[in-house]
Amino acid sequence: MTIARQIEALIQRLDGVAICDDCVTDRLNLSVRSQANVVTRGLGGANGFRREKQPCGLCSSIKVSTSHHR
Ligand SMILES: [Zn+2]
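Keep in mind that what you see is a predicted model, and the values were worked out from it rather than measured. (Residues numbered from 1 in each chain as written. Predicted model: local features only at pLDDT ≥ 70, side-chain atom pairs only at ≥ 80, totals over all residues. Heavy atoms only, no water.)

What follows covers the coordination of the zinc ion. Around the zinc ion, the protein supplies Cys20 (SG), Cys23 (SG), Cys56 (SG) and Cys59 (SG) as donor atoms, at distances of 2.3 Å. For the zinc ion, the four donor atoms in the first shell make angles of 105 to 113° at the metal, a pattern classed as tetrahedral. Counting gaps between the donor residues of the zinc ion yields the pattern C-x2-C-x32-C-x2-C. With cysteine 20 in strand β1 (residues 19-20) and cysteine 59 in the loop between β2 (49-55) and β3 (62-68), the pair connects residues that are 39 residues apart, well separated along the chain. Judged by its relative accessible area of 36%, cysteine 59 is partly exposed. (Donors = N, O, S within 2.8 Å, 3.2 Å for Na, K, Ca; no water. Tetrahedral: all angles 85-135°; square planar, octahedral: opposite > 155°, others 65-115°. Helix = DSSP H or I, 4+ residues; strand = E, 2+ residues; numbered from the N terminus. Buried < 20%, exposed > 50% of the residue type's maximum accessible area, 1.4 Å probe, protein only.)

Have a look at this one:
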């Protein structure tokens, strides 16, 4: 599975809960945050994905986080 697909799957599993790039990086054990960022940036606005400044459901800090809504 590609990293992009793993990130998509993780965000979809969270089912509406937003996750920031740092937590994506942490959850998937990516080596650098920019790996997550390049994927999440591309997801915003497509196929139910939302990317906006909102509280991350995992670390609770308010920053640009990505969520998925059916
Ligand atoms: Zn977070």
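And the narrative resumes.
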